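As a plain string of letters, each chain reads:
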Protein chains: 4
Amino acid sequence: MIKRIAVLTTGGDAPGMNAAIRAVVRCAVSKKVEVMGVFRGWWGLINDEMKPFDHRSVSGIINQGGTILKTGRCPEFKTREGQERAFANIKKNNIDGLIVIGGNGSFEAAHLFYERYKVPCVGIPASIDNDVNGIDYTIGVDTAINTALAAIDNIRDTATSMERIFVVEVMGRDCGFIALAVALAGGCEEVIIPERKFDLGAICHDIVEANLRGKMSWILVVAEGAGQAVDISKKITEMTSLETRPVILGHVQRGGRPTAVSRDLGLRLGQAAVDSLLSGVADKAVGFHGGKVVEVDFTTAIQKKELKIDTWYNLIKTLT
Amino acid sequence: MIKRIAVLTTGGDAPGMNAAIRAVVRCAVSKKVEVMGVFRGWWGLINDEMKPFDHRSVSGIINQGGTILKTGRCPEFKTREGQERAFANIKKNNIDGLIVIGGNGSFEAAHLFYERYKVPCVGIPASIDNDVNGIDYTIGVDTAINTALAAIDNIRDTATSMERIFVVEVMGRDCGFIALAVALAGGCEEVIIPERKFDLGAICHDIVEANLRGKMSWILVVAEGAGQAVDISKKITEMTSLETRPVILGHVQRGGRPTAVSRDLGLRLGQAAVDSLLSGVADKAVGFHGGKVVEVDFTTAIQKKELKIDTWYNLIKTLT
Amino acid sequence: MIKRIAVLTTGGDAPGMNAAIRAVVRCAVSKKVEVMGVFRGWWGLINDEMKPFDHRSVSGIINQGGTILKTGRCPEFKTREGQERAFANIKKNNIDGLIVIGGNGSFEAAHLFYERYKVPCVGIPASIDNDVNGIDYTIGVDTAINTALAAIDNIRDTATSMERIFVVEVMGRDCGFIALAVALAGGCEEVIIPERKFDLGAICHDIVEANLRGKMSWILVVAEGAGQAVDISKKITEMTSLETRPVILGHVQRGGRPTAVSRDLGLRLGQAAVDSLLSGVADKAVGFHGGKVVEVDFTTAIQKKELKIDTWYNLIKTLT
Amino acid sequence: MIKRIAVLTTGGDAPGMNAAIRAVVRCAVSKKVEVMGVFRGWWGLINDEMKPFDHRSVSGIINQGGTILKTGRCPEFKTREGQERAFANIKKNNIDGLIVIGGNGSFEAAHLFYERYKVPCVGIPASIDNDVNGIDYTIGVDTAINTALAAIDNIRDTATSMERIFVVEVMGRDCGFIALAVALAGGCEEVIIPERKFDLGAICHDIVEANLRGKMSWILVVAEGAGQAVDISKKITEMTSLETRPVILGHVQRGGRPTAVSRDLGLRLGQAAVDSLLSGVADKAVGFHGGKVVEVDFTTAIQKKELKIDTWYNLIKTLT
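Throughout this description, residue numbers start from 1 for each chain and increase along the sequence as written. Chains carry letters and ligands carry numbers; both start at the beginning, A for chains and 1 for ligands, and go up in the order they are written. Selection of residues for local features in this predicted model requires a pLDDT of at least 70, selection of side-chain atom pairs for listing and counting requires 80 or more, and totals for whole chains, interfaces and linings are taken over all residues.

1. Regarding the overall build of chain A
Line of reasoning, step 1. Numbering goes from the N terminus for both helices and strands, where a helix is a DSSP run of H or I of at least four residues and a strand is a run of E of at least two. When helices and strands are counted, chain A shows 11 helices and 11 strands.
Line of reasoning, step 2. In this description the radius of gyration comes from C-alpha coordinates, and the expected globular size is given by 2.2 Å times residues to the power 0.38. Here the C-alpha atoms of chain A give a radius of gyration of 22 Å, agreeing with the 20 Å that 2.2 N^0.38 yields for 320 residues.
Line of reasoning, step 3. If one aligns the C-alpha atoms of chain A with their principal axes, the spans along those axes are about 70 × 35 × 35 Å.
Line of reasoning, step 4. Considering chain A as a whole, with its 320 residues, one finds that 62% of them fall into the buried category.
Line of reasoning, step 5. What counts as a contact here is a pair of residues whose C-beta atoms, placed from the backbone, lie within 7 Å. A separation threshold of at least 6 residues defines the contact pool for chain A, and within that pool the share at least 24 residues apart is 76%. Every C-beta atom is placed from the backbone, and the number of other C-beta atoms within 10 Å of a residue's own sets its class: buried at 20 or more, exposed at 12 or fewer, partly exposed in between.

The following block contains the structure:
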């Protein structure tokens, strides 16, 4: 029987992680289960940096970006020695199960750890990349999209007033989710993503042709994994002789007050993760799919997520 | 065959309506279908206030609140005479189908009109109340929730600093959706909604008891259909002798830049409505349910929507 | 010589108070002066609720609304007994001077206390009402105005879309500052303030006349001290037969992340207050006037502040 | 006597320009003076792209970023031929005076044009760089600072959660105003500006030393004119072995809804410019200085503006 669990956040921070922490702690406490808050992700397990959390420990955090547990990448946890130390600390602290809040890198590590030490572990998908397979949305992605969209709205003011071309680089190393979402909702003229080949010559041809018809301002969104705003911007100017400016939103997209969707998801999945862990689930992530809570094997969650790229892209082009 | 359609917005405005208008116009135009924009809802049909819309007519509106077509309640459309005039104008302008963007009041009117005159009509659910049955979310509700949430976050600063009790009245005449969503995501201590009886004496008892334990600030969210902030605030002060302040968010929740979710929904449902109407659908609304586009009979859409009130309410109470 | 000072926040909270606290603490510490943080305003002095603050005590608060020291009204401090206890605690804790962050009510109390006990006290004006005489802006008023303005922008969307009249009640019991600022920057059609008589009949006459010319939407801003939105709204409907809606922004205006201006003012005045107190100033408030830091006697600061009401009002009317 | 004036926006766009346009048009109209709106800055004068503006022409723009008149750089206006054509169009359209909304580049051009053709011209300072001499604030700078500050707040969430160093590049080619304002109000640890030499080795020394004391996150703000975030970020990593990330805010700072301060300034200076022009003023800019409207010769306005760099910088360092 599970009497004490530990909760940690790993990988990049995402807005709504604090809401998830709050729900994990308060739902567990309401079921008389003790909670240890582990600091700095896997690093805290390896170095025994953790402390007991109660109802009050998570007051006032629901609307804060980032994570009060702090987070980070942890190469040591990929070594046998690191894992042994983490396991020893889990035993020492009488921890019966783990809740890991993070993205698919976190779930891969959690799965390997489970394989070896059989400590029950349930994952809560939180990542601004929305790259967890088998569930619809990760915690944080809605906030990141809204932040990027506010930036696009600002840029549109200048693009229209000065009749310029802008290339806006958004997050997404392997995945065009944010770029597609922002391009659609921002009314952007073009989007370049890792999952889809692009022809800059053809794009420049469109720009020049539109320019002759009187359309003077363009916003191109590019996912960081598909190209760099500075390079693309330069090339467009070379090919079209039109003034082009790059913008790199970068880590601005990662922080900020979580939106209602990101908080709601954090709270509900925090509750679901506690329920799953207490009912004996291990080696799985919880998430919403088609409006319902589902449990997905870590090995499934870390697969490449399929997006309906063409439908999405075509709608963007129809609407501009 | 449908060669020309008309689009109108009716009932209360909701953020994202302009995104829907944009998608309806541009998707129709891309399929060589003409579009008439009708002004002031049903009133514009009755009074022949409409004009041709092209691709450019909907430029620069994607991030604007309200509706460029304007909207309003229209009692005349409930009369036989009003309907006759509307139908005559539809004939006169060679309109083969209607797209009505609005809430369940709009769909009820659209259904009655279809019953009598058989003008094909497809509805796009837009309303900040999220009260359309058979679909998950109406256009605008995500924006309204985020607006109310920002207000709650502000109030929390004062509630904590001054150790006061606040009663915040949010929209929702028959439906506690916004109130529940805001109470959960805002970390509020209590929520009062039309769908669930409440016992103010018991609430005051909880407040006093918590006060003795050192919890000095409370935020109670009340849906306008379940009570008035001013009254409830007064009663709490009478029963507890603690200072209480009412806040009425009112129409602030209705406007503002649409969030990513509200824009995305507007754009995708605009496209879906055009597709449905052109493929012969009539007397139905389009919407997302479980992540997929569905078509729902108007007669179903206007039924009372069931919410999992108790699960929701219990989570709110567990988390505070 | 001053070796230890105490800092407290009193009266209503205002965004930027935390920035002021941060500057007071860090500037004092940088000059080797110790700081006691007093909780709950005068109440904390009376009840000896205070603790030593160091550089780290004020980390991460610069962008938070409210006040980490908490605040409140304190009738006990108006009694001789309350003051005696406060003075005893000041002696007991070896406090050589006070920095009081608050509005003119706070300065009045501070002045009376100084008169009797001669504990040097410097005030930092923080109040969303901007009602401190002799200085240009209080900390917090810029944030409150921007918050109210965002609400007005939202309401404008609906006012325009639904062609309605709105009466928006903003803060300001004795002072129309927020109302005037919001009405001007929000492009509102009319403003009702305590400092200026108004004739609702004449306003309704204007509304009807404009309505006949095709101007259908109006936003009237009313300062709470000059009338209640609900009443005025009802009367306008009675007199004009036009639909009118009231909105009460209330305490939403008080919280929220401080704007750049409110933070900047908090930080600079925090520094100035420490400098003044250490250089021997007492019984005065610091503030900016005409771009320069000035010291104003508490007795002057609490006088009625003169505003150029007519110039302001006329500009609002010219611009609508 | 002046019967007809023209208004144009030149140089980079700034939030609040639309408020200024609104005030110019409505104040002139209220004094029975006709207004021509000139499009695309000087280019519109050269190419006779202008049209009559009335009260209604400027409805609904007060809260919009950018400029409805559009803007841009115009090298042709530096040529004799360009100026001749502009002057010919001014004569042709019976324009008796110009109001130019822009920064010091705009005022330099306006001054040269006045010298040669003696067309009365009054400038309204609008620029996000706050680089106009003799006045306190340009229209737009408050909005730009708040936008950058919101980005810094977001980055702080990640900096704290992941314990990283960030280098954030803000606007400011010759002027550190935005960088200093953002660094102070954002609680940033360091700021690099064109007006002040910096020693990256010393900064890295501080970072490492603080790191040993447990301070893990830093935000360095750099004005674009003083260095590039990408380069500085790389060098810090080389010198300290600590992970560092660059962020380039770029044109996001230029757009967006104007803040209350930017709107207020736009409206009041719009009024002042009309008053000055009608009273016979020429070759001057209007602005606020020490809380009062002043008129500044264009030749003074374009001088290098002095900032109290050291005081500002020292306060930033004291407070971190």
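2. Regarding the sheet that holds strand β10 (residues 284-289) of chain C
Residue and element names in this part refer to chain C.
Line of reasoning, step 1. In this analysis, strands are considered paired if DSSP registers two or more bridges between them. Ordered in space as β3-β2-β1-β4-β5-β10-β11, the seven strands form an open sheet in which the pairing is mixed. Each of the sheet's edge strands pairs with one partner strand only, and the pair in question is β3 (50-53) and β11 (292-297). Between one strand axis and the next, the sheet turns through 30° on average, direction left out of account.
Line of reasoning, step 2. To obtain each axis, a line is fitted to C-alpha atoms, and for helices this fit is confined to the stretch in contact; angles are then taken between N-to-C directions over 0 to 180 degrees. Relative to the sheet, helix α1 (residues 17-30) contacts β1 (4-9), β2 (34-38), β3, β4 (97-102) and β5 (121-125), its axis offset from that of β1 by approximately 175°.
Line of reasoning, step 3. Across the sheet, helix α4 (residues 104-117) lies against β4, β5 and β10, angled at about 175° from β5, the strand it touches most.

3. A short note on the relation of the copies chain C and chain B
Line of reasoning, step 1. With an axial shift of 0.0 Å and an RMSD of 0.0 Å, the rotation relating chain C to chain B amounts to 180°. What we have between these two chains is a two-fold relation. In terms of proximity to the rotation axis, the leading residue of chain C is I248(C), whose C-alpha is 2.8 Å off the axis.
Line of reasoning, step 2. Looking at chain C, 100% of its interface residues are interface residues in chain B too, so the copies touch through the same face. Least squares is the method for superposing the copies, and the C-alpha atoms it fits come from residues with pLDDT of at least 70 in both.

4. Thoughts on the confidence of the model for chain A
Line of reasoning, step 1. Per-residue confidence from the predictor is given as pLDDT, running between 0 and 100. Across chain A, the average pLDDT comes to 96, with 100% of residues at 70 or higher.
Line of reasoning, step 2. For this predicted complex, the interface score ipTM comes out at 0.96, alongside a pTM of 0.96.

5. Some details on the interface of chain A and chain D
Line of reasoning, step 1. Opposite the 28 residues of chain A that make contact, chain D presents 28 residues.
Line of reasoning, step 2. Elements supplying a minimum of two residues to the side of chain A that touches chain D: α5 (141-162) and β9 (244-248) of chain A.
Line of reasoning, step 3. Ranked by residue count, the leading element in the side of chain A that touches chain D is α5(A), at 10 residues.
Line of reasoning, step 4. Amino acid classes used here: Ala, Val, Leu, Ile, Met, Phe, Trp, Tyr, Cys and Pro are nonpolar; Asp, Glu, Lys and Arg are charged; the rest, including Gly, are polar. Among the residues making up the side of chain A that touches chain D, the classes are represented as seven nonpolar, 14 polar and seven charged.

6. Things to note about the sheet that holds strand β11 (residues 292-297) of chain B
Residues and elements named next belong to chain B.
Line of reasoning, step 1. A sheet is described by the order of its strands in space; here seven strands give the open sequence β3-β2-β1-β4-β5-β10-β11, paired in mixed fashion. Here the strands that pair on one side only, and so sit at the sheet edges, are β3 (50-53) and β11. Here the strands of the sheet are splayed against their neighbours by 30° on average, with no regard to which way each runs.
Line of reasoning, step 2. Pairing of strand β5 (residues 121-125) with strand β10 (residues 284-289) involves two bridges; the strand directions are parallel. Paired with V122 across the strands is K284, a residue of β10.
Line of reasoning, step 3. Across the sheet, helix α1 (residues 17-30) is in contact with β1 (4-9), β2 (34-38), β3, β4 (97-102) and β5; its angle to β1 comes to roughly 175°.

7. Re the environment of F177(A)
All names here are of chain A.
Line of reasoning, step 1. With respect to the secondary-structure elements, F177 resides in helix α6 (residues 177-185).
Line of reasoning, step 2. Sequence separation between F177 and P194 is 17 residues, and the spatial gap between their C-alpha atoms is 9.9 Å.
Line of reasoning, step 3. Dropping the residues within four chain positions of it, F177 is found in contact with D129, N130, V141, G172 and L307.

8. What to know about the arrangement of the chains
Line of reasoning, step 1. Spatially, chain A and chain C are disjoint, and the shortest separation between their C-alpha atoms is 10 Å.
Line of reasoning, step 2. Structurally, chain B and chain D remain out of contact, their C-alpha atoms never closer than 10 Å.

9. Let's talk about the relation of the copies chain A and chain D
Mapping between the two copies of the chain is achieved by a rotation about an axis and a shift along the axis.
Line of reasoning, step 1. At an RMSD of 0.0 Å, chain A and chain D line up after a rotation of 180° and a shift of 0.0 Å along the axis.
Line of reasoning, step 2. Comparing contact sets, 100% of the residues at the interface of chain A also lie at the interface in chain D, consistent with an isologous, same-surface contact.

10. Here's the deal with the domain arrangement of chain A
How big an interface is tends to be expressed through the accessible area that disappears when the partners come together.
Residues and elements named next belong to chain A.
Line of reasoning, step 1. Annotation comment: domain bounds sourced from an automatic or database domain assignment. As far as domains go, chain A holds domain 1 (4-140 + 258-301) and domain 2 (142-255).
Line of reasoning, step 2. Using C-alpha coordinates to define each centre, domain 1 is positioned 35 Å away from domain 2.
Line of reasoning, step 3. Broken down by class, the residue content of the side of domain 1 that touches domain 2 amounts to five nonpolar, eight polar and three charged.

11. Brief notes about the interface of chain C and chain B
Line of reasoning, step 1. The interface of chain C with chain B comprises 28 residues on the first partner and 28 residues on the second.
Line of reasoning, step 2. Of all the secondary structure elements, the ones that give two or more residues to the side of chain C that touches chain B are α5 (141-162) and β9 (244-248) of chain C.
Line of reasoning, step 3. The greatest single-element share of the side of chain C that touches chain B, amounting to 10 residues, is contributed by α5(C).
Line of reasoning, step 4. Along the lines of polarity and charge, the residues of the side of chain C that touches chain B split into seven nonpolar, 14 polar and seven charged.

12. Some details on the pairing of β10(B)
All names here are of chain B.
Line of reasoning, step 1. Of the pairings in the sheet, the one linking β10 to β11 comprises six bridges and is antiparallel in character. Across the sheet, A285 pairs through a bridge with V296, a residue of β11.
Line of reasoning, step 2. Between β10 and β11, which pair antiparallel one after the other, the connecting turn spans two residues, and G290 there sits at a positive phi close to 60°.

13. Describing the environment of G187(B)
Line of reasoning, step 1. With respect to the helices and strands, the residue G187(B) is situated in the loop between α6 (177-185) and β7 (190-192).
Line of reasoning, step 2. You can call G187(B) buried: it has 23 C-beta atoms within 10 Å.
Line of reasoning, step 3. C-alpha separation for the pair G187(B) and V293(B), spaced 106 residues apart in sequence, amounts to 32 Å.
Line of reasoning, step 4. The contact partners of G187(B), leaving out residues within four places of it in the chain, are I62(A), L319(B) and T320(B).

14. What about the packing of helix α7 (residues 200-212) of chain D against helix α8 (residues 229-240) of chain D?
Residues and elements named next belong to chain D.
Line of reasoning, step 1. Two elements in contact, α7 and α8, have axes separated by 10 Å at closest approach and are oriented at 55°. Classed by the angle they form, the pair α7 and α8 counts as oblique. In this structure, α7 meets α8 at a crossing whose hand is right-handed. Counted together, L200, G201, C204, I207 and V208 of α7 and I232, K235, I236, M239 and T240 of α8 form the full contact between these two elements.
Line of reasoning, step 2. For the contact of α7 with α8, the per-class residue count stands at seven nonpolar, two polar and one charged. Note on angle classes: values under 35 degrees are labelled roughly parallel, values over 145 roughly antiparallel, values of 65 to 115 roughly perpendicular, and the remainder oblique. By the definition used in this description, the sense in which the near helix is turned from the far one sets the handedness, with an anticlockwise turn below a right angle giving left-handed and a clockwise turn giving right-handed.

15. Side note on unusual backbone geometry
Line of reasoning, step 1. The phi torsion at K118(A) lies on the positive side, around 55°, for a residue other than glycine.
Line of reasoning, step 2. Structurally, the position occupied by K118(A) is in the loop between α4 (104-117) and β5 (121-125).
Line of reasoning, step 3. What makes K118(A) exposed here is the crowd of 11 C-beta atoms within 10 Å.
Line of reasoning, step 4. Residues other than glycine seldom take positive phi values, yet N130(C) does so here, at roughly 50°.

16. Quick notes on helix α3 (residues 80-92) of chain C
All names here are of chain C.
Line of reasoning, step 1. The end-to-end C-alpha separation of α3 is 18 Å, in line with the 18 Å expected for 13 residues at 1.5 Å each.
Line of reasoning, step 2. Along α3, the residues classified as buried are Q83, A86, N89 and I90. Axial view of α3: buried residues confined to an arc of 125°, hence all on one face. For α3, the exposed residues lying more than 90 degrees away from the buried face are R80, E81, K91 and K92.
Line of reasoning, step 3. Of the surrounding elements, those touching the buried residues of α3 are α2 (42-46) and α4. What a helix should span is 1.5 Å times the count of its residues minus one. Throughout, the arc means that of the directions going from the helix axis to the C-beta atoms.

17. Overview of the packing of α5(C) against helix α6 (residues 177-185) of chain C
Residues and elements named next belong to chain C.
Line of reasoning, step 1. Two elements in contact, α5 and α6, have axes whose closest approach is 9 Å; the angle formed by their N-to-C orientations is 50°. Considered as vectors, α5 and α6 are oriented oblique to each other. When you trace α5 past α6, the crossing you get is right-handed. Where α5 approaches α6, its residues V141, A144, I145, A148, L149 and I152 are matched on the opposing element by F177, I178, A181, V182 and A185.

18. With respect to helix α9 (residues 260-278) of chain D
Residue and element names in this part refer to chain D.
Line of reasoning, step 1. An ideal rise of 1.5 Å per residue puts 27 Å on 19 residues; α9 measures up with 27 Å between its terminal C-alpha atoms.
Line of reasoning, step 2. The element α9 is extensively covered by neighbouring structure, given that 17 of its 19 residues are classed as buried.
Line of reasoning, step 3. Directly beyond the C-terminal end of α9, a positive phi value near 100° is found at G280.

19. Quick notes on the environment of N133(B)
Residue and element names in this part refer to chain B.
Line of reasoning, step 1. Looking at where N133 falls in the secondary structure, it is placed in the loop between β5 and α5 (141-162).
Line of reasoning, step 2. By the C-beta count within 10 Å, which is 19 here, N133 ends up partly exposed.
Line of reasoning, step 3. Aside from chain neighbours lying at most four places away, what touches N133 is T300, A301, I302, Q303, K304 and K305.

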